[in-house]
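Observations on the three-dimensional arrangement
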Amino acid sequence: MAKRIDVSDLNIYYTNFLAVEGVNVSIEPRSITALIGPSGCGKSTFLRSLNRMHEVIPGARVEGKVVIDGQDLYGSDVDPVNVRRQIGMVFQRPNPFPTMSIYDNVVAGVRLNSTRMKKSEMDDLVETSLKGANLWNEVKDRLSRPGSGLSGGQQQRLCIARAIAVEPEVLLMDEPCSALDPISTLAIEDLMMELKDRFTIVIVTHNMQQAARVSEATGFFNLNGVGQPGRLIEFNPTEKIFSNPDQKATEDYISGRFG
Amino acid sequence: MSTETPLAPIGSTSAASPGPVQTQRRLPRFAAAGLFLAGVAVGALLSALTGFSLALTVLYGVVLGTLAVYAVSRQVEGRRKATDRLVTSLVSTAFAIAMVPLLSLVYTVLDRGLARLDASFFTNSMFRVVGEGGGAYHAIVGTVLITALTTLIAVPIGLLTAIYLVEYGTGRLKKAITFFVDVMTGIPSIVAGLFAFALFTLLFGNDVRLGLMGSVALAVLMIPVVVRSCEEVLKLVPNELREAAYALGVPKWRTVVKVVLPTAIAGLGTGITLAVARVIGETAPLLITVGLITGTNFNPFEGRMATLPVFAYYQLTQPGTATQAFIDRAWTAALVLIMLVMGLNVVARLISRLFAPKTGR
Ligand SMILES: Nc1ncnc2c1ncn2[C@@H]1O[C@H](COP(=O)(O)OP(=O)(O)O)[C@@H](O)[C@H]1O
Ligand SMILES: [Mg+2]
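Conventions we followed
- Residues numbered from 1 in each chain as written.
- Chains lettered and ligands numbered in written order.
- Predicted model: local features only at pLDDT ≥ 70, side-chain atom pairs only at ≥ 80, totals over all residues.
- Heavy atoms only, no water.
- UniProt positions renumbered as here; feature names shortened; annotations may be inferred.
- Helix = DSSP H or I, 4+ residues; strand = E, 2+ residues; numbered from the N terminus.
- Rg over C-alpha atoms; globule rule 2.2 N^0.38 Å.
- Buried < 20%, exposed > 50% of the residue type's maximum accessible area, 1.4 Å probe, protein only.
- Contact = heavy atoms within 4.5 Å.
- Areas by Shrake-Rupley, 256 points an atom, 1.4 Å probe, with all protein chains shown as cover.
- Lys, Arg positive; Asp, Glu negative; His and termini not counted.
- Charge placed at Lys NZ, Arg CZ, Asp CG, Glu CD.
- Near = heavy atom within 4 Å.
- Polar contact = N/O pair within 3.5 Å; in protein donor to acceptor, adjacent residues only side chain to side chain.
- Nonpolar A, V, L, I, M, F, W, Y, C, P; charged D, E, K, R; others polar.
- Salt bridge = Lys/Arg side-chain N within 4 Å of Asp/Glu carboxyl O.
- 1 Å grid on protein atoms, 1.4 Å probe; cavity = no way out; pocket = protein on both sides within 12 Å on 5 of 7 lines; lining within 4 Å.
- Points joined across faces, edges and corners; volume = space filled by probe spheres on them.
- Patch = residues over 30% accessible without salt bridge, like charges linked within 9 Å, V, L, I, M, F, W, Y side chains within 5 Å.

- As annotated in an unreviewed UniProt entry, chain B carries the name Phosphate transport system permease protein PstA and comes from Goekera deserti.
- The Function (unreviewed entry) comment attached to chain B in UniProt states, word for word, "Part of the binding-protein-dependent transport system for phosphate; probably responsible for the translocation of the substrate across the membrane."
- Recorded under Subcellular location (unreviewed entry), the UniProt text for chain B is reproduced unchanged: "Cell membrane".

- For chain A, the name recorded in an unreviewed UniProt entry is Phosphate ABC transporter ATP-binding protein, with Goekera deserti as its organism.

So, in structure tokens, the structure goes:
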């Protein structure tokens with residue numbers, strides 16, 4: 001299932017503002033890749049360009065290539081809707097659909113796309129997805145209750161269940177723990193470790209300990225000043241980034257934070 | 001004397017406030033109300049001296065009462081609290097003034113309309129009635145049919161326009177539509193009536209009268225209201241939900257239909273119901289488009305129809321042999337209309353309560 005992602009010479013714009021410039025990177029399958037860097041350097045922008053969510057914003061566009069399994073996502077014959085079915089996303093703030101029950105939230109990807117599915121298959125999908133998101137035991141008795149009634153951490157795991165229920169190949173996570181308490185954060189980190197056997201995971205995080213804990217490879221984004229485009233300064237195995245980074249800027253950022 | 005403050009300034013160590021939090025001297029609970037009433041009493045006396053009149057009593061009373069509360073509060077509680085009390089009385093007075101016409105209207109309509117609020121008013125038409133008796137059955141049927149038809153025309157157009165504006169529109173076209181919707185909001189209702197009249201005369205020749213004409217006229221008035229209220233409601237749907245759906249690979253139109261609209265359904269229902277309430281009492285456009293008949297017409301695609309507002313208007317302006325009976329019927333028609341509008345408001349509230357996203361644990 002999991003696939004590798006090759007990004008070459010990627011420039012990302014908001015109308016005329018170049019937000020991210022010249023990204024070249026290879027993201028390994030069945031691993032967790034962390035993206036770190038100061039606020040506003042374009043981590044979210046880059047992440048959203050990996051499943052063509054970027055262009056949802058009016059005026060937003062992309063130059064360059066993102067190749068998954070030999071297929072260029074930005075090829076002229078590629079439908080962004082299909083891309084997003086293969087590459088799921090979890091957002092910073094948990095966003096379950098407020099009108100739907102927990103059950104319906106999990107199968108939202110199937111239902112909203114009107115894929116035909118038998119009731120029993122649907123039940124199985126809900127169970128495996130919720131188990132996959134480590135949420136089954138907490139909610140199995142109240143599947144018909146609204147998803148917005150769960151705690152923040154549970155909601156985020158519900159969103160993860162919803163994302164993995166459509167069986168994507170890649171899972172993008174934009175600061176999935178930044179709105180959560182430490183215990184929920186650990187629950188999600190454990191979950192990521194389990195999920196990486198099946199998915200390619202890319203996670204943006206502000207928390208460097210988290211990057212160090214969960215990821216195999218880490219990319220450091222930085223920008224030279226306000227209004228300047230963000231760049232991928234360094235991309236290396238996580239151990240190397242945190243012990244002996246190639247770039248001075250990376251070392252400054254990491255040691256500055258760890259102070 | 002109003003410049004001296006009996007309270008020590010904040011931060012000074014007076015005996016009354018040893019702690020870091022200064023304790024305030026307060027007027028006793030009912031003192032303010034008592035003072036206000038005393039002011040009102042003095043005001044009543046004043047107006048009695050100059051020949052009693054209710055309006056003057058209220059005016060003097062409110063002014064004096066407010067001043068009394070302000071002055072005493074300033075002496076006892078200090079400037080900030082006194083200003084607070086002054087503004088509170090100003091706001092309450094404004095509220096009371098706004099309520100006067102409403103209460104007076106409801107009272108008058110009830111007072112005069114109850115006389116004929118009987119079963120026969122809802123079961124009889126005015127067919128072959130020239131004196132007492134009769135009812136507004138035909139007008140109620142007409143109002144309900146024409147309003148329903150109006151809703152049928154205006155809601156799809158208005159809702160789809162709102163969806164376009166919020167979900168799809170960009171650039172100039174969006175600006176232009178927004179502008180024209182604003183212009184439409186300001187169209188006088190008689191102009192909408194003349195528009196429908198002219199349109200149907202062009203299409204079907206002179207002397208055409210049908211319920212549909214009235215519906216078209218009312219739809220012209222209702223569409224901008226629907227667009228505006230639906231637009232506001234759709235804008236309230238958090239963008240995160242749209243993005244969540246996109247990220248699952250859901251196409252945009254399906255996101256709108258299955259995520260945005262269900263999330264906004266409560267607000268949409270409320271907005272539409274209130275838009276219906278807005279047009280149900282229109283008189284002028286119906287007067288020139290559907291006219292009036294004394295019998296019941298169930299077919300809005302043929303012939304004149306009676307409607308409550310027009311019915312009330314003619315009962316009042318062209319009474320037949322028994323003047324009082326006609327005037328009574330006019331008031332009762334007004335009362336029924338008000339009840340319809342209130343009923344719609346209740347429905348709107350029920351809708352928003354029933355469909356509101358559930359957040360309970
Ligand atoms: N919707 C948007 N429209 C215009 N500019 C944006 C938008 N979102 C982000 N940006 C800009 O793009 C740059 C990168 O933002 P972002 O990707 O959110 O950074 P990060 O996630 O690393 O904090 C910032 O300069 C930001 O101001
Ligand atoms: Mg971000």
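Considerations on the overall build of chain B
- Each helix and strand counted, chain B has 13 helices and zero strands in total.
- Taken against the 2.2 N^0.38 rule, which gives 21 Å for 361 residues, the C-alpha radius of gyration of chain B at 29 Å runs more than 25% over that of a compact globule.
- Projected onto the principal axes, the alpha-carbon positions of chain B cover approximately 90 × 70 × 40 Å.
- Burial analysis of chain B (361 residues in total) assigns 39% to the buried set.
- For chain B, the share of sequence-separated contacts (at least 6 apart) that also reach a separation of at least 24 residues comes to 71%.

Describing the overall build of chain A
- Each helix and strand in chain A was counted, giving eleven helices and ten strands.
- On the principal axes, the C-alpha backbone points of chain A span a range of 55 × 45 × 30 Å.
- Considering only contacts within chain A whose residues lie at least 6 apart along the sequence, 66% involve residues at least 24 apart.
- A total accessible area of about 10,900 Å² is found for chain A, and carbon and sulfur atoms account for 47% of it.
- The average position of the 28 basic charges and that of the 32 acidic charges among the side chains of chain A differ by 5 Å.

Overview of helix H9 (residues 239-247) of chain B
All names here are of chain B.
- Judged by how many residues are buried, H9 sits mostly within the fold: seven of nine residues are covered.
- Of all the residues in H9, the buried ones are Leu241, Arg242, Glu243, Ala244, Ala245, Tyr246 and Ala247.
- Backbone geometry just downstream of H9 places Gly249 in the positive-phi region, at approximately 80 degrees.

Regarding the site of ligand 1
Residue and element names in this part refer to chain A.
- If you check the shell around ligand 1, you find Tyr14, Phe17, Ala19, Ser39, Gly40, Cys41, Gly42, Lys43, Ser44, Thr45 and Ile57 and nothing else.
- At 2.7 Å from an oxygen atom of ligand 1 is found a main-chain nitrogen or oxygen belonging to Gly40.
- A total of 560 Å² of accessible area belongs to ligand 1 in isolation, and the protein chains cover 61% of it.
- Counting residues per element, the ones that place at least two in the shell around ligand 1 are strand S2 (17-27) and helix H1 (43-49).
- Per-element accounting of the shell around ligand 1 gives the leading share, three residues, to H1.
- When its residues are assigned to classes, the shell around ligand 1 shows five nonpolar, five polar and one charged.

What to know about the pattern of salt bridges
Residue and element names in this part refer to chain A.
- Applying the stated criterion to the full structure yields 26 salt bridges over all chains.
- In this structure, Arg4 and Asp6 form a salt bridge, with 3.5 Å as the shortest nitrogen-oxygen distance.
- With relative accessibility at 27%, the residue Asp6 sits in the partly exposed group.
- Two residues, Arg61 and Glu63, come together in a salt bridge whose shortest N-O distance is 3.8 Å.
- Classification of Glu63 by relative accessible area gives partly exposed; the value is 34%.

Some remarks on the layout of surface pockets
- Here the largest pocket defines a volume of roughly 370 Å³.
- Lining the largest pocket we find 17 residues, and of these A:Val56, A:Pro58, B:Glu167, B:Tyr246 and B:Lys252 sit closest to its centre.
- Elements represented by at least two residues in the lining of the largest pocket include exactly helix H2 (80-86) of chain A together with helix H5 (137-168) and H9 of chain B.
- The biggest single contributor to the lining of the largest pocket is H9(B), with four residues.
- Tallied by class, the residues present in the lining of the largest pocket amount to nine nonpolar, three polar and five charged.
- As a volume, the second largest pocket reaches approximately 240 Å³.

Remarks on the environment of A:Arg84
- Structurally, A:Arg84 is set in helix H2.
- Separated by 86 residues in sequence, A:Arg84 and A:Val170 place their C-alpha atoms 9.6 Å apart.
- Ignoring sequence-local partners within four residues, the contact set of A:Arg84 consists of A:Asn51, A:Arg52, A:Met53, A:Glu55, A:Val56, B:Tyr246, B:Ala247, B:Leu248 and B:Gly249.

A word on the UniProt feature "domain: ABC transporter" (unreviewed entry) in chain A
- Those places that UniProt annotates as "domain: ABC transporter" (unreviewed entry) correspond, in this numbering, to residues 5-254 of chain A.
- The straight-line gap between the two end C-alpha atoms of residues 5-254 of chain A is 26 Å; of that span, 36% is helix and 26% is strand.

Focus on a nonpolar patch on the surface
Residue and element names in this part refer to chain B.
- Taken together, Phe195, Leu199, Leu203 and Phe204 make up a surface patch of nonpolar side chains, about 400 Å² in accessible area.
- Relative to the elements of secondary structure, Leu199 occurs in helix H7 (residues 189-204).
- Residue Leu199 is classed as partly exposed on the basis of its relative accessible area, which comes to 31%.

Quick word on the UniProt feature "transmembrane region" (unreviewed entry) in chain B
All names here are of chain B.
- The sites that carry the UniProt feature "transmembrane region" (unreviewed entry) are, in the present numbering, residues 30-48, 54-73, 85-110, 136-165, 177-204, 210-227, 259-280 and 330-351.
- Regarding residues 177-204, the helix share stands at 89% and the strand share at 0%, and the terminal C-alpha atoms are separated by 30 Å.
- Summarising residues 259-280: 100% helix, 0% strand, and an end-to-end C-alpha distance of 31 Å.

As for unusual backbone geometry
- Positive phi, close to 45 degrees, is recorded for A:Asp9, a residue that is not glycine.
- Residue position: A:Asp9 is located in strand S1 (residues 5-14).

Side note on the UniProt feature "domain: ABC transmembrane type-1" (unreviewed entry) in chain B
- Mapped onto the present numbering, the UniProt feature "domain: ABC transmembrane type-1" (unreviewed entry) falls on residues 140-348 of chain B.
- The span residues 140-348 of chain B is 79% helical and 0% strand by assignment, and the distance between its end C-alpha atoms comes to 21 Å.

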